[in-house]
Protein chains: 2
Amino acid sequence: MPKSAPTIKEIARKLNISFSTVSRALHDHPSIGLGTKLKVKKLAEELGYEPNQTAVFLQQGKTYTIGVILPHLAESFFPAAISGIEEVAIKNDYVVLLGQSLDSTEREIMLVESMRKHRVDGLIISMAKNTTNYEHFEKLKKSNIPIVFFDCIPSMKEIHTVSCNMISGSIQAVSYLLKKGHRVIGLINGPEKLTASKERLEGYQQALLKNRLKFDPSLVVNSDLTKEGNIKALHEILKNKRKITAIVAFHDNLALDIMQELDITKQEHKPVIVSYANLPMMQFLKYKPNASVEQFPYLQGKKAAEIILDIIKNKNNEQNQNNAFYKIILDSKLIDYH
Amino acid sequence: MPKSAPTIKEIARKLNISFSTVSRALHDHPSIGLGTKLKVKKLAEELGYEPNQTAVFLQQGKTYTIGVILPHLAESFFPAAISGIEEVAIKNDYVVLLGQSLDSTEREIMLVESMRKHRVDGLIISMAKNTTNYEHFEKLKKSNIPIVFFDCIPSMKEIHTVSCNMISGSIQAVSYLLKKGHRVIGLINGPEKLTASKERLEGYQQALLKNRLKFDPSLVVNSDLTKEGNIKALHEILKNKRKITAIVAFHDNLALDIMQELDITKQEHKPVIVSYANLPMMQFLKYKPNASVEQFPYLQGKKAAEIILDIIKNKNNEQNQNNAFYKIILDSKLIDYH
DNA sequence: TTGAAAGCGGTACCAG
DNA sequence: CTGGTACCGCTTTCAA
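This one's a predicted model, so the numbers in the text were calculated from it and none came from an experiment.

A. Broad picture of the protein's contact with DNA strand C. In the vicinity of DNA strand C, 26 residues are found, and the nearest of them are Ile8 and Ser23 of chain A together with Thr21, Arg24 and Gly33 of chain B. Near the protein, meaning within 4 Å, the atoms of DNA strand C are sugar or phosphate in a fraction of 63%, with bases accounting for the rest. Gln59 of chain A places a polar side-chain atom, nitrogen or oxygen, 3.5 Å from a sugar or linking oxygen of DNA strand C. In the environment of DNA strand C, a phosphate oxygen lies 3.0 Å from a nitrogen or oxygen atom belonging to the backbone of Ser18 of chain B.

B. Spotlight on the sheet that holds strand β7 (residues 220–222) of chain B. All names here are of chain B. The strand order across the open sheet formed by six strands is β7-β6-β8-β9-β10-β12, and the pairing between neighbours is mixed. Taken across any chain shown, the strands that pair with only one partner, and hence form the sheet edges, are β7 and β12 (333–336). Averaged over all pairs of adjacent strands, the angle between their axes in this sheet comes to 20°, without regard to strand direction. Running over the sheet, helix α8 (residues 166–179) touches β6 (185–189), β8 (246–249), β9 (272–276), β10 (291–294) and β12 and is turned about 170° from β9. On top of the sheet, helix α10 (residues 227–238) reaches β6, β7 and β8; it is set at about 155° to β6, its chief contact.

C. Quick look at the protein's contact with DNA strand D. Near DNA strand D you find 27 residues, and of these Thr21, Arg24 and Gly33 of chain A together with Ile8 and Tyr49 of chain B are the closest. At the level of elements, α2 (19–26) and α4 (53–60) of chain A together with α1 (8–15), α2 (19–26) and α4 (53–60) of chain B are the ones that each hand at least two residues to the surface near DNA strand D. Grouping the amino acids of the surface near DNA strand D by side-chain chemistry returns ten nonpolar, 13 polar and four charged.

D. Highlighting the sheet that holds strand β1 (residues 65–70) of chain A. The twelve strands are arranged β11(A)-β5(A)-β4(A)-β3(A)-β1(A)-β2(A)-β2(B)-β1(B)-β3(B)-β4(B)-β5(B)-β11(B) in an open sheet whose pairing can be described as mixed. In this open sheet, the two strands that pair with only one neighbour each are β11 (327–331) of chain A together with β11 (327–331) of chain B. Each neighbouring strand pair of the sheet contributes to a mean axis angle of 20°, computed without reference to strand direction.

E. Structural view of the relation of the copies chain A and chain B. Superposing chain A onto chain B requires a rotation of 180° together with a translation of 0.1 Å along the rotation axis, leaving an RMSD of 0.1 Å. A rotation of that kind, with that shift, is consistent with a two-fold axis. Closest to the rotation axis within chain A is the C-alpha of Leu97 of chain A, separated from it by 2.3 Å. Of the residues that chain A buries at the interface, 100% are likewise interface residues in chain B, meaning the two copies contact each other through the same surface.

F. Up close: the UniProt feature "domain: HTH lacI-type" (unreviewed entry) in chain A. As recorded in UniProt, the sites labelled "domain: HTH lacI-type" (unreviewed entry) are residues 6–60 of chain A. Overall, residues 6–60 of chain A shows 69% helix and 0% strand. The separation of its end C-alpha atoms is 21 Å.

G. Structural view of the domain arrangement of chain A. On domain assignment, one finds that chain A holds domain 1 (8–51), domain 2 (62–157 + 297–330) and domain 3 (166–294). Centre-to-centre, using C-alpha coordinates, domain 1 of chain A lies 67 Å away from domain 3 of chain A.

H. View of the packing of aromatic side chains. Overall, the coordinates contain twelve aromatic pairs over all chains when judged by the stated rule. Ring geometry for Phe57 of chain B and Tyr64 of chain B: centres 5.6 Å apart, planes at 45°, overall tilted. For Tyr64 of chain B, a relative accessible area of 22% translates into the label partly exposed. Both rings, one in Tyr204 of chain B and one in Phe215 of chain B, keep their centres 6.0 Å apart while their planes meet at 80°; by these two values the pair is edge-to-face. One end of the pair, Tyr204 of chain B, is in helix α9 (residues 195–210); the other, Phe215 of chain B, is in the loop between α9 and β7, with eleven residues separating them in the sequence. Its relative accessible area of 2% is what places Tyr204 of chain B among the buried residues. Overall, Phe215 of chain B belongs to the partly exposed group, its relative accessible area being 28%. One aromatic cluster in this structure is built from Phe57, Tyr64 and Tyr94 of chain A. Directly above the ring of Tyr287 of chain A sits Lys270 of chain A, whose terminal nitrogen or CZ lies 4.7 Å from the centroid.

The rules behind the values
Residues numbered from 1 in each chain as written. Chains lettered and ligands numbered in written order. Predicted model: local features only at pLDDT ≥ 70, side-chain atom pairs only at ≥ 80, totals over all residues. Heavy atoms only, no water. Near = heavy atom within 4 Å. Polar contact = N/O pair within 3.5 Å; in protein donor to acceptor, adjacent residues only side chain to side chain. Pairing = 2+ DSSP bridges. Helix = DSSP H or I, 4+ residues; strand = E, 2+ residues; numbered from the N terminus. Axes fitted to C-alpha atoms, helices over the stretch in contact; angles between N-to-C directions. Contact = heavy atoms within 4.5 Å. Nonpolar A, V, L, I, M, F, W, Y, C, P; charged D, E, K, R; others polar. Least-squares fit on C-alpha atoms with pLDDT ≥ 70 in both. UniProt positions renumbered as here; feature names shortened; annotations may be inferred. Domains from an automatic or database assignment. Phe/Tyr/Trp six-rings, centres within 6.5 Å; stacked < 30°, edge-to-face > 60°. Buried < 20%, exposed > 50% of the residue type's maximum accessible area, 1.4 Å probe, protein only. Lys NZ or Arg CZ within 6 Å of the ring centre and 35° of its normal.

Here it is as structure tokens:
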């Protein structure tokens, strides 16, 4: 006997009352006899009755589930973001459906489909790095499932976004180095087309400008962010005629690779490094960046979740239709390790 | 007009046929007119019809969702495990509901409740470290929701488990050190009552025995795994009259802490270290463990997911009731970094 | 080949 | 205060 979960009807039958009465009793409906109420509650307790939420969901047309799709969990950025999302979700009696796209568009599409099928009430997405076709997102909008994008955001109009302004952090990073007396500062950036890369470059330039220094394009190289690419970029930048004393690295991971390479190749004057991410592991390194730009993933996740819940809850409000779009931009911040 | 998703009935109405016909047409039911079938499919396509899975779920009594509850995502062990779970889930058209207990029993209970309410088909759990009361798990079993425990497993009878045998890895670790000539090997273990600690100690002793060496209890200390605790344990063990040349550390994180401390306090002869976890970041350290024991989290996750799906699918098979319990034990393996 | 109707587990309205 | 009933969206059996 695979004792299936007890239902409201079973309780009704055993008590010889109608199941609507049972339903009301369980909900403390005001107009219900105290006696029956107690009887019902007692039996429900005994049977270990639990309302079948899927039934409730069906008739409410909601699932109290928010889907989260992100590239992967390997980078500590994303676990932190999820934690922020989960925190808000839990407080609102929502639950989190997780999917990793592994930076594959194909898989991202699959996940979006799957979450749509499961009728999530809303979706929070950090897009796969190389997704360029946004049909699956459009389809989602058509299905009337709200999305909030964060971190890696598609260039679509009329979407909700949460992101971290890297420009401010970049300015801080470069200013920090300038204040320490560095004048020839290299920038090993990510792929040129990435917004993230553009923002870093922008900040780099602005900081120079502020200090009335001329921007020298030969001090900037791009890496494809693979280990080999990073090392190649390092050597390329070190070839510069001017003596580079400091490097701004696109990401802590890139910093790790080039620091290792600097170590292996035994450079005599190791450049000072400033990077991005503020990975927790950094503190354990001996030769580490002097500082790293924090992007507050937890906060980003939290914000994204708050927004999606807000949208879900106001979905049927006439006013909020198709007009306002959230664009939350947090400021990044340089964390000094010394 | 918050255009709600089109339903089977709408299609039926527009086509002036009954909605059961529509349902069948959509499912390629054999006994359906080719003409109507095409008409229906065409309109469904146009309207962007998608079956409401929550309705399907309700009547199937399934949600195609598996819940995963684990302490947190900060340690790379868990993201890897999730990836394994997700892989299997996706292949089987299941979806993953995630919850982090943050090693709080209270929160774990909450999550279990929440997942029960959402009627997950099965649950995969790595228990919060200090959970000692198992009522919430028992309740789950009563609700007929299958659970597979992995990694941190409660001491309950009649449960399904996936775990990694740390004894074999520990033997390898100590043997490795012995082969290198070390004779005075310290063990900085975790909290005494943890299974994980017991297994490490067990392996430590067995390896000594195999090599006809005497076990010296004074070479073993326990840490509470906080940073302070780790450092304290290190100094305690270094006080030993015998000269410790190698240390087996409970976990890479502990190794990190004590290596940092050894560095700071400028010990002249730094002991060789072997630890557990094989964290990806280890490769970037200069002073790093010589080797680390891998626990194959991805595989553990994968196995756990396979089991839970197997149970779910055979749930209504008479045979499989309450008899067999999976106890999968993977072997750990020492990874040499040199 | 198609329609009608029951039922999955609830909620909520209308009667009485 | 309680029972009856319609309905949420879909699958499936029974009849026609």
